[in-house]
2 protein chains.
Amino acid sequence: MYRISQLAKRFGLSRSTLLYYDQEGLLSPSERSEAGYRLYSEGDLDRLAAIASFRKAGLSIDEIRAILAAPEKGERSVLQRRLAAIGEEIRALKAQQSLLARMLRVQSGESLPESMDKETWVAMLRAAGMDDRAMETWHAEFERRAPQAHHAFLLSLGIGAEEVLTIRRLSESAWAGAEGRVP
Amino acid sequence: MYRISQLAKRFGLSRSTLLYYDQEGLLSPSERSEAGYRLYSEGDLDRLAAIASFRKAGLSIDEIRAILAAPEKGERSVLQRRLAAIGEEIRALKAQQSLLARMLRVQSGESLPESMDKETWVAMLRAAGMDDRAMETWHAEFERRAPQAHHAFLLSLGIGAEEVLTIRRLSESAWAGAEGRVP
DNA sequence: ACTAAACCGTGAAGCGGTAGACGGGTCAAG
DNA sequence: CTTGACCCGTCTACCGCTTCACGGTTTAGT
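Residues numbered from 1 in each chain as written. Chains lettered and ligands numbered in written order. Predicted model: local features only at pLDDT ≥ 70, side-chain atom pairs only at ≥ 80, totals over all residues. Heavy atoms only, no water.

S.K.: I'm lost on the packing of aromatic side chains in this one. Help?
M.R.: Geometry of an aromatic ring pair is reported as the spacing of the ring centres plus the angle between the planes. Residues and elements named next belong to chain A. Inspection of every chain in the model, using the stated rule, returns four aromatic pairs over all chains. Plain terms: the ring middles of Tyr 20 and Tyr 21 are 6.4 Å apart, the flat faces sit at 45 degrees to each other, and that makes the pair tilted. According to the relative accessible area criterion, Tyr 21 is buried, its value standing at 6%. (Phe/Tyr/Trp six-rings, centres within 6.5 Å; stacked < 30°, edge-to-face > 60°. Buried < 20%, exposed > 50% of the residue type's maximum accessible area, 1.4 Å probe, protein only.)

Set out below in structure tokens:
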């Protein structure tokens with residue numbers, strides 16, 4: 001049985017955060033002491049571990065509550081939606097970055113971009129002799145062998161979530177036309 | 001003389017935002033109509049243009065207020081601090097991204113998607129018609145255009161640090177020898 | 001037994017905006 | 001002159017906590 005500040009310290013959270021989770025009905029202690037102190041059990045601890053890792057992934061309180069209430073129901077879709085949202089956020093931040101760079105008239109990052117973007121990537125593949133059809137094949141292979149990695153890779157090029165889905169769908173159909181599907 | 005909703009529409013902002021800017025003393029209309037309506041002048045419009053672009057760069061209300069009060073004073077340093085902060089935010093989001101990717105991978109069972117590795121990557125490129133010489137060219141382009149990203153990418157395929165350096169050194173020399181090539 | 005420190009509970013306000021409700025003003029057509 | 005469609009100003013709540021303030025409880029040390 002842990003008291004609130006002990007539990008907070010153990011998880012690197014603040015007491016206030018746990019008070020807030022209780023208030024929101026996300027994690028209520030399973031017992032109270034005579035004086036009314038919150039007493040957290042081992043089970044509460046497990047639940048908090050789950051909550052903490054979902055929060056680290058940026059899920060909202062509501063989303064976490066929904067997942068914990070019915071994990072089998074829509075956990076995957078919630079996580080995937082968050083993954084897409086993160087891509088958008090990163091893209092927005094990169095836009096801010098370049099806007100600021102322009103304001104500061106600092107061209108430092110321009111000559112050697114530290115992160116890859118779509119245009120540079122395509123230019124590289126073309127330099128290596130790939131044409132449009134080869135790239136299609138490549139996307140289709142990527143989608144077939146590692147859809148998840150394909151998704152993450154496209155996002156890492158700064159491509160927006162919608163366009164990513166479009167590309168993946170095109171990749172699937174390109175491949176479906178070529179061969180029979182393996183689960 | 002614009003009224004509040006006209007101005008909002010012209011700038012793609014919401015009425016609430018302009019109300020908030022007034023409340024915060026960031027942009028107060030230079031006049032009021034008899035009925036108490038806010039009336040914005042051309043000067044106000046210019047000021048709002050500045051505010052909007054700073055906001056697009058992610059500056060806080062306080063920071064914008066400070067810059068507009070004394071532009072010569074600390075504008076550059078504020079912008080540079082924001083630029084650094086954006087880097088942090090992107091890093092944090094990327095951490096969330098990989099956490100989520102791991103969660104989704106674990107859930108989906110290990111049947112289909114595993115993270116990308118060197119063999120799968122090479123197989124994909126071969127399927128798209130790339131031969132050894134094309135891959136060499138591609139590495140060379142990668143190294144020339146974005147050395148840092150090249151490094152990060154090789155590591156992401158699970159290639160060891162030493163081998164990464166070997167590949168990069170080969171890429172450099174390949175480029176030196178192929179300088180006149182047309183893509 | 002007493003005191004002080006460190007803990008606990010509850011309640012409220014604040015951050016940077018955004019979004020909505022509310023009641024009242026304004027302007028057209030009828 | 002009235003109806004309706006908008007517009008306006010003001011006020012409030014929301015996100016995910018954090019920080020304050022107040023007063024009661026537990027613990028350690030004397």
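S.K.: Quick question: what am I supposed to make of the confidence of the model for chain A here?
M.R.: Any segment with low pLDDT has predicted coordinates that should not be analysed in fine detail. All names here are of chain A. Confidence along chain A averages 81 in pLDDT terms, with 86% of residues attaining 70 or more. Looking over chain A, one finds the lowest element-wise mean pLDDT in helix H6 (residues 108-111), namely 44, and the highest in strand E3 (residues 38-40), namely 95. Low confidence marks residues 107-112, where pLDDT is under 50. Its contacts with residues over four positions away, or in another chain, come to four contacts. Residue range residues 177-183 is modelled with pLDDT below 50. Its contacts to residues more than four positions away, or to other chains, number five contacts. (pLDDT = per-residue confidence, 0-100. Helix = DSSP H or I, 4+ residues; strand = E, 2+ residues; numbered from the N terminus. Contact = heavy atoms within 4.5 Å.)

S.K.: Hey, could you run me through the side chain of Arg168(A) in this one?
M.R.: Residues and elements named next belong to chain A. Along the chain, Arg 168 falls in helix H10 (residues 161-176). For Arg 168, a relative accessible area of 17% gives the class buried. Not counting residues up to four positions away in its chain, the partners in contact with Arg 168 are Glu 143, Pro 147, His 150, His 151 and Leu 154.

S.K.: What is the right way to look at the protein's contact with DNA strand D in this model?
M.R.: In the vicinity of DNA strand D, 19 residues are found, and the nearest of them are Ser14(A), Ser16(A), Thr17(A), Arg55(A) and Ser5(B). Restricting attention to atoms of DNA strand D within 4 Å of the protein, one finds that 72% of them are sugar or phosphate atoms. A distance of 3.1 Å separates a sugar or linking oxygen of DNA strand D from a polar atom in the side chain of Tyr37(A). In this structure, Arg15(B) approaches DNA strand D through a side-chain N or O atom, which is 2.8 Å from a base nitrogen. At the level of elements, helix H2 (15-23) of chain A together with helix H1 (4-11) and helix H2 (15-23) of chain B are the ones that each hand at least two residues to the surface near DNA strand D. Here the surface near DNA strand D gets four residues from one element, more than from any other, and that element is H2(A). In terms of residue class, the surface near DNA strand D is made up of eight nonpolar, six polar and five charged. (Near = heavy atom within 4 Å. Polar contact = N/O pair within 3.5 Å; in protein donor to acceptor, adjacent residues only side chain to side chain. Nonpolar A, V, L, I, M, F, W, Y, C, P; charged D, E, K, R; others polar.)

S.K.: I would appreciate a short explanation of the packing of helix H1 (residues 4-11) of chain A against H2(A) in the present structure.
M.R.: Residues and elements named next belong to chain A. Between H1 and H2, the least distance of the axes is 8 Å, while the angle of their chain directions is 110 degrees. By the angle class used here, H1 and H2 are roughly perpendicular. H2 is crossed by H1, and the crossing has right-handed handedness. Packed against H1, whose contacting residues are Ile 4, Ser 5, Leu 7 and Ala 8, the element H2 presents Arg 15, Leu 18 and Leu 19 at the interface. Looking at the contact of H1 with H2 residue by residue, the classes come out as five nonpolar, one polar and one charged. (Axes fitted to C-alpha atoms, helices over the stretch in contact; angles between N-to-C directions. Parallel < 35°, antiparallel > 145°, perpendicular 65-115°, else oblique. Left-handed = near helix turned anticlockwise from the far one by under 90°.)

S.K.: Any chance you could explain the environment of Gly25(B) here in plain terms?
M.R.: By the secondary structure assignment, Gly25(B) is in the loop between H2 and strand E2 (31-32). Judged by relative accessible area, Gly25(B) falls into the partly exposed class, the value being 44%.

S.K.: Explanation requested: the protein's contact with DNA strand C in the structure shown.
M.R.: Close to DNA strand C lie 17 residues; Ser5(A), Arg38(A), Thr17(B), Arg55(B) and Ile61(B) are nearest. Here a phosphate oxygen of DNA strand C and a side-chain polar atom of Arg38(A) are 2.5 Å apart. Interatomic distance of 3.1 Å between a side-chain N/O atom of Ser16(B) and a base nitrogen of DNA strand C. Of all the elements in the fold, those that place two or more residues in the surface near DNA strand C are H1 and H2 of chain A together with H2 of chain B. Top element by residues in the surface near DNA strand C is H2(B). It accounts for four residues. Residue composition of the surface near DNA strand C, grouped by class: seven nonpolar, four polar and six charged.

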